[in-house]
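Observations on the three-dimensional arrangement
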Amino acid sequence: RTQDVKVAACTQLFAMGRSNVRVVVRARPTASHAGENFTFNEGTDSIDMRLPKDTSAGIVNNQQENWHFKVDKVLSNASQEQVFDNCAMDVVRSVVEGYNGTIMAYGQTGAGKTHTMTGGHVGFADRGI
């Protein structure tokens, strides 16, 4: 029974990985993190951004202050293994089955794209995805 459930779950994952584009945000903790501007909600897989109004714009200022983004997965302070399990495993399985797959890292300079893709140099656990 457990074997059948695992096979069914894997079959479902394969089907999902073949045709869906997923957006996963990996936020790494830094000393200069703008905590007052960004809130990463792992439980709801969403990001809230706050940018206070520019007071130099005058009294009548319709500038938007708050944004809410819903993504497929938010990873905050995640290990390379967690990133692999959430982002790459389905793509790798689909590629092994003969389908094309792409994992793209996008972000600001110094945000950790290269570390995410190629990993650290300390040991196997820090390998890239």
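Residues numbered from 1 in each chain as written. Predicted model: local features only at pLDDT ≥ 70, side-chain atom pairs only at ≥ 80, totals over all residues. Heavy atoms only, no water.

With respect to the overall build of the chain
Along its length, the chain carries 3 helices and 5 strands. Listed N to C, the secondary structure of the chain is α-β-β-β-β-β-α-α in terms of helices and strands. Counting the 129 residues in the chain, one finds 16% classified as buried. Residue pairs in contact within the chain that sit at least 24 positions apart in sequence constitute 50% of those at least 6 positions apart. (Helix = DSSP H or I, 4+ residues; strand = E, 2+ residues; numbered from the N terminus. Buried < 20%, exposed > 50% of the residue type's maximum accessible area, 1.4 Å probe, protein only. Contact = heavy atoms within 4.5 Å.)

Side note on the packing of aromatic side chains
This structure, assessed with the given rule, holds 1 aromatic pair. Ring geometry for F38 against F40: centres 6.2 Å apart, planes inclined by 10°, an arrangement best described as stacked. When its relative accessible area of 24% is taken as the criterion, F40 is described as partly exposed. (Phe/Tyr/Trp six-rings, centres within 6.5 Å; stacked < 30°, edge-to-face > 60°.)

As for unusual backbone geometry
Glycine aside, a negative phi is what most residues show, and trans is what most peptide bonds show. Unlike most non-glycine residues, D45 shows phi in positive territory, near 50°. Position of D45 among the secondary structure elements: in the loop between β2 (38–41) and β3 (46–50). In this model, N77 sits at a positive phi of 60°, which is unusual for a non-glycine residue. Of note, N77 is situated in the loop between β5 (73–76) and α2 (80–96). Judged by its relative accessible area of 58%, N77 is exposed.

Structural notes on the sheet that holds β3
Spatially, 3 strands are ordered β2-β3-β4 in an open sheet, and the strand pairing comes out antiparallel. The open sheet has two edge strands, β2 and β4 (66–70), and neither has a second partner. Looking at each pair of strands side by side, their axes are set apart by 10° on average, direction ignored. Note that β3 and β4 share 5 bridges and pair antiparallel. Bridged to M49 within β4 is W67. (Pairing = 2+ DSSP bridges. Axes fitted to C-alpha atoms, helices over the stretch in contact; angles between N-to-C directions.)

A closer look at α2
Over its 17 residues, α2 extends only 21 Å from the first C-alpha to the last, a length that falls short of the 24 Å expected when each residue adds 1.5 Å. The largest bend in α2 amounts to roughly 55° and is located at A88. For α2, the complete set of buried residues consists of Q80, V83, C87, A88, D90, V91 and S94. In the segment just after α2, G98 is the residue with positive phi, at about 110°. (Expected span 1.5 Å × (residues − 1). Bend = angle between axes of the 7 residues up to and from the residue.)

Observations concerning the confidence of the model for the chain
Across the chain, the average pLDDT comes to 77, with 75% of residues at or above 70. Looking over the chain, one finds the lowest element-wise mean pLDDT in helix α1 (residues 2–19), namely 47, and the highest in β4, namely 93. Under a pLDDT of 50 for its full length, residues 1–11 has, in the predicted model, 1 contact with residues more than four places off or in other chains. (pLDDT = per-residue confidence, 0-100.)

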